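Spelled out from the first residue to the last, the chains are:
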Amino acid sequence: MGYIEPAPIKDKENPFESMMSRFNIAAEILGLDDQTYNVLKSPVKQIIVNLPVTLDSGRVEVFEGHRIIHSNILGPSKGGIRYDPNVNIDEIKALAAWMTWKCAVIDIPFGGAKGGIKCNPREMSQGELERLTRAYTQALHSVLGPDSDIPAPDMGTGQQEMAWVMDEYSRAVGMTVNAAVTGKPLVLGGSLGRAEATGRGVMISTLSAMEKLRINPFQARCAIQGFGNVGSWASELLEERGLTICAISDISGAYYNDKGVDIKKAIEYRNGNKGTLEGFNGGERIENDELLLLDVDVLVPAALEDVITKKNADGIKAKLIVEGANGPTSAKADNILVDKGIMAVPDILANAGGVTVSYFEWIQNRLGYKWTSERVNRRSDRILKDAFNNVYNTAILHNVSLRIAAYIVAIDKVAKIYKFRGGY
Ligand code: NAD
């Protein structure tokens, strides 16, 4: 086995500060003036709503909801809604800013936003979730809209919540507006290709980076953390392109197979096992943290934030990290990876396949038309490949990591458009 004893990895950084530390480096390299710097770093709007919702027991509980619009310089703001007990302003603020940079780096005409409700969706009934979602949408309907701010699913929300948002928003404005939200069920104007979009983008980023590093996919070994939407699609698509996926993991633990885990079997097992890999026998059971330190060519963190930190970064052996998750690498680990010569394709580029196909969903809704999955895939692959090449060339030009280069590309774009649009 190619792994060593893992280091503990609990080293949580403030996500907003983590985002800002990269922003600051890129802003300095770009020579961004003070005024533009202040405009770009400050969220446009931060809204807090208190939502009284009647629970099934008859008791009324007040839930705290947020929507933060970080930027609408490039277009209507775009970003998910998160349902989680740990939702807090700093996290939502960082995620909203990440959406701005993500849309800018892949060159789609959206700004960035994020929303959240402090709640525990796992302990709530369908009826309670529906009332909560409708209350949130009603409270924010003057902010939302296909030309102003377009939500999408995030942690704890999915297509059912998006259907409720679309319906409640449509009631508020008195007409059906399916472009008001993305990530809807297919029958309600969702896009073909959306389910696999983020994993597919991870696959495109991985292959693009491997080409630059001259790693042959048919000789490459890969470990993937997280086997949900992003991780399992990335595993399947990378396996199809010839990579050996030697380890996968989810909340139940990690599973290592030197000859390669059979991904189709793993997906089948998970689907028949209440969504988890618990008890999967297609690989030797190892600890979750060990997966990050395996002797592989490619590592794809696709589960949580802050898993690669200054505590374990030194032990990473992969030559390439492709960030399927949002914020899996702490800012303090960045330099360690750079010093070790590890290429990291940053989250704002690597997992942008999801927002790309959300953009296509919005376009199709506005056209009143449906694209085939071939058209969706072809166009999103092109967007992501072009974005990768642009970031790669910027990294070479400024002699910086792909992460800083992605921020440079994004900030430069938003700053240029801001200067054209002007202010008061
Ligand atoms: P998901 O809920 O479908 O899957 C998460 C997976 O992570 C599950 O398999 C879960 O068991 C696993 N997990 C949880 N804790 C873990 C742990 N300690 N160790 C290993 N695995 C663990 O979520 P998802 O949609 O796949 O999102 C994963 C990440 O990708 C998140 O950071 C999310 O913000 C980001 N992301 C998702 C999308 C998207 O379109 N779904 C788009 C961009 C970014």
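Rules used throughout
- Residues numbered from 1 in each chain as written.
- Predicted model: local features only at pLDDT ≥ 70, side-chain atom pairs only at ≥ 80, totals over all residues.
- Heavy atoms only, no water.
- Helix = DSSP H or I, 4+ residues; strand = E, 2+ residues; numbered from the N terminus.
- Rg over C-alpha atoms; globule rule 2.2 N^0.38 Å.
- Buried < 20%, exposed > 50% of the residue type's maximum accessible area, 1.4 Å probe, protein only.
- Contact = heavy atoms within 4.5 Å.
- Lys, Arg positive; Asp, Glu negative; His and termini not counted.
- Charge placed at Lys NZ, Arg CZ, Asp CG, Glu CD.
- Near = heavy atom within 4 Å.
- Polar contact = N/O pair within 3.5 Å; in protein donor to acceptor, adjacent residues only side chain to side chain.
- Nonpolar A, V, L, I, M, F, W, Y, C, P; charged D, E, K, R; others polar.
- Pairing = 2+ DSSP bridges.
- Axes fitted to C-alpha atoms, helices over the stretch in contact; angles between N-to-C directions.
- Expected span 1.5 Å × (residues − 1).
- Domains from an automatic or database assignment.
- Buried area = accessible area lost by both parts, 1.4 Å probe.
- Salt bridge = Lys/Arg side-chain N within 4 Å of Asp/Glu carboxyl O.
- Core = buried A, V, L, I, M, F, W, Y, C linked by side-chain atoms within 4.5 Å.

A. Representation of the overall build of the protein chain within the structure. Looking only at helices and strands, the protein chain features 14 helices and twelve strands. The C-alpha atoms of the protein chain give 21 Å as radius of gyration, which agrees with the globular expectation for 424 residues (22 Å, within 12%). Counting only C-alpha atoms and orienting by the principal axes, one finds that the protein chain spans roughly 60 × 55 × 40 Å. The buried share of the protein chain, reckoned over its 424 residues, is 58%. Contacts spanning at least 24 positions in sequence make up 70% of the contacts within the protein chain whose residues lie at least 6 apart. Across the protein chain, 48 positive and 51 negative side-chain charges occur, with their mean positions spaced 5 Å apart.

B. Fine view of the site of the ligand. Near the ligand you find 19 residues, and of these Thr 198, Asn 229, Val 230, Ile 251 and Asn 326 are the closest. Measuring from an oxygen atom of the ligand, one finds a backbone N or O atom of Ile 251 at 2.9 Å. With respect to the ligand, the side chain of Asn 288 contributes an N or O atom lying 3.1 Å from a nitrogen atom. Of the residues contributing to the shell around the ligand, the split by class is seven nonpolar, ten polar and two charged.

C. Examining the pairing of strand 2 (residues 60-71) more closely. Across ten bridges, the pairing between strand 1 (residues 45-54) and strand 2 is antiparallel. Bridging across to strand 2, Gln 46 finds its partner in Ile 68. The pairing of strand 2 with strand 4 (residues 111-118) spans six bridges and is antiparallel. Across the sheet, the residue bridging to His 66 is Gly 116, located in strand 4.

D. Region of the structure containing the sheet that holds strand 4. Across the sheet, five strands lie side by side as 1-2-4-3-5; this open sheet has mixed pairing. Each of the sheet's edge strands pairs with one partner strand only, and the pair in question is strand 1 and strand 5 (149-153). Taken over all neighbouring pairs, the strand axes of this sheet differ in orientation by 25° on average, direction set aside. Sheet analysis places strand 3 (residues 77-84) next to strand 4, joined by six bridges and oriented parallel. In the strand pairing of strand 4, Asp 84 is matched with Lys 118.

E. Local environment of helix 4 (residues 126-140). Between its terminal C-alpha atoms helix 4 stretches 21 Å, which fits the 21 Å expected from 15 residues at 1.5 Å a residue. In this structure, the buried side of helix 4 is in contact with strand 1, strand 2, strand 3, strand 4 and helix 5 (159-173).

F. Region of interest: the domain arrangement of the protein chain. Under the domain assignment used here, the protein chain contains domain 1 (43-188) and domain 2 (191-424). Distance between the C-alpha centres of domain 1 and domain 2: 24 Å. Interface area, domain 1 with domain 2, both sides summed: about 2800 Å², of which 67% is carbon and sulfur. At the boundary of domain 1 and domain 2, one finds three salt bridges. With its nearest N and O atoms 2.9 Å apart, the salt bridge here joins Asp 147 to Arg 366. Where the side of domain 1 that touches domain 2 is concerned, the elements lending two or more residues are strand 3 and helix 3 (89-105).

G. Region of the structure containing the packing of helix 1 (residues 15-30) against helix 3. The contact between helix 1 and helix 3 brings their axes to 7 Å, and the two run at 35°. Taking contact as the criterion, the partners of Pro 15, Phe 16, Met 19 and Phe 23 in helix 1 are, on helix 3, Asp 90, Glu 91, Lys 93, Ala 94, Ala 97, Trp 98 and Trp 101.

H. Seen up close, the environment of Asn 335. Structurally, Asn 335 is set in helix 10 (residues 331-339). Note on Asn 335: relative accessible area 56%, which makes it exposed.

I. View of the nonpolar core. One finds Trp 101 and Ile 248 to be the most contacted residues of the largest nonpolar core, which totals 87 residues. Sorting elements by how many residues they give to this core places helix 14 (residues 402-421) first, with eleven residues. Taken together, domain 1 (43-188) and domain 2 (191-424) each give at least three residues to this core, which thus spans both. Setting aside chain neighbours within four positions, we find Trp 101 in contact with Met 19, Phe 23, Leu 40, His 70, Ile 348, Tyr 407, Ala 410, Ile 411 and Val 414. Of all hydrophobic cores here, the second largest spans 27 residues; its members include Ile 47, Ile 81, Leu 132 and Val 143.

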